[in-house]
Amino acid sequence: MTHACSCPCGTTNFTVEKTPVARFYCHCEICQKLYNKPYSDVTVVRTKHVKLDSKLVNFNKYRLPPALDRGTCKACGKPAAGFLKSLPGLGLAFITADNFNDKSTLPAPLGHVFYHRRQAEVPDDLPKINGYFSSELIICKWALPRLLKG
Ligand SMILES: [Zn+2]
Ligand SMILES: [Zn+2]
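What comes next concerns the included structure. Numbers given for residues are sequential positions, taken from 1 along each chain in its written order. Chains carry letters from A onward and ligands carry numbers from 1 onward, assigned in written order. Since the coordinates come from a predicted model, pLDDT governs what is reported: local features require at least 70, and pairs of side-chain atoms require 80 or more to be given and counted, while whole-chain, interface and lining totals use all residues. Only hydrogens and water are set aside; all other atoms, that is, all heavy atoms of the structure, feed into the side-chain values.

### Quick notes on the coordination of the zinc ion (ligand 2)
Step number 1: Sodium, potassium and calcium take a 3.2 Å donor cutoff, other metals 2.8 Å, and in both cases only N, O and S atoms count; water is not among them, so sites may look incomplete. Cys26 (SG), Cys28 (SG) and Cys31 (SG) make up the full set of protein donors to the zinc ion (ligand 2), lying at 2.1 to 2.3 Å.
Step number 2: Of note, the donors binding the zinc ion (ligand 2) are all from one chain and are spaced C-x1-C-x2-C.
Step number 3: On the basis of relative accessibility, which here comes to 0%, the residue Cys28 falls in the buried class.
Step number 4: The cut-offs for exposure are 20% and 50% of the maximum accessible area for each residue type, with area from a 1.4 Å probe on protein chains only; residues under the lower value are buried, those over the upper are exposed, and the others partly exposed. Judged by its relative accessible area of 4%, Cys31 falls in the buried class.

### Overview of the coordination of the zinc ion (ligand 1)
Step number 1: Those donors, Cys7 (SG), Cys9 (SG), Cys73 (SG) and Cys76 (SG), are the protein atoms that reach the zinc ion (ligand 1), and they lie 2.2 to 2.3 Å from it.
Step number 2: Square planar and octahedral assignments, for four and six donors respectively, both demand that opposite donors be over 155 degrees apart and that all other angles lie between 65 and 115; tetrahedral needs four donors with all angles between 85 and 135 degrees, and anything else is irregular. Given four donor atoms and angles of 105 to 118° at the metal, the environment of the zinc ion (ligand 1) is assigned as tetrahedral.
Step number 3: Within one chain, the residues donating to the zinc ion (ligand 1) are spaced in sequence as C-x1-C-x63-C-x2-C. With a gap of 64 residues between them, Cys9 in the loop between strand 1 (3-6) and strand 2 (13-16) and Cys73 in strand 7 (residues 68-73) connect regions that are remote in the sequence.
Step number 4: For Cys9, a relative accessible area of 40% gives the class partly exposed. Numbering of helices and strands runs from the N terminus, with a helix taken as a DSSP run of H or I at least four residues long and a strand as a DSSP run of E at least two residues long.

What follows is the structure, encoded as structure tokens:
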């Protein structure tokens, strides 16, 4: 199914042509800074399924973690979609669930990553992953089975 998405101000409209392969809460410092929240609610989709006019966004590269080209809306400066290009042939994009016009169509979050950076404890039953490499690894583990299904 095709998902209609936009940045918070509505200027950067784009679509995601397939349901995200994973969704999780990210407590990394970049998310905290970009979203101005203790953690972000992130979905993982294939880059080829994101139809975004690159003229609408500025790309800023943040080094760690993770190495993403973060596309932020030129009008409001908020993140539209981030693109991970370090995996050849497996282009992944990260889009906050808040940018989906209908969040109810998204899969449920699988857990919390970069939890060692947390600003507050989250009292839910989802797995909490501490450490940079463990967090990267679990994101791959969560996304991979559904990526392989196509
Ligand atoms: Zn905007
Ligand atoms: Zn993050």
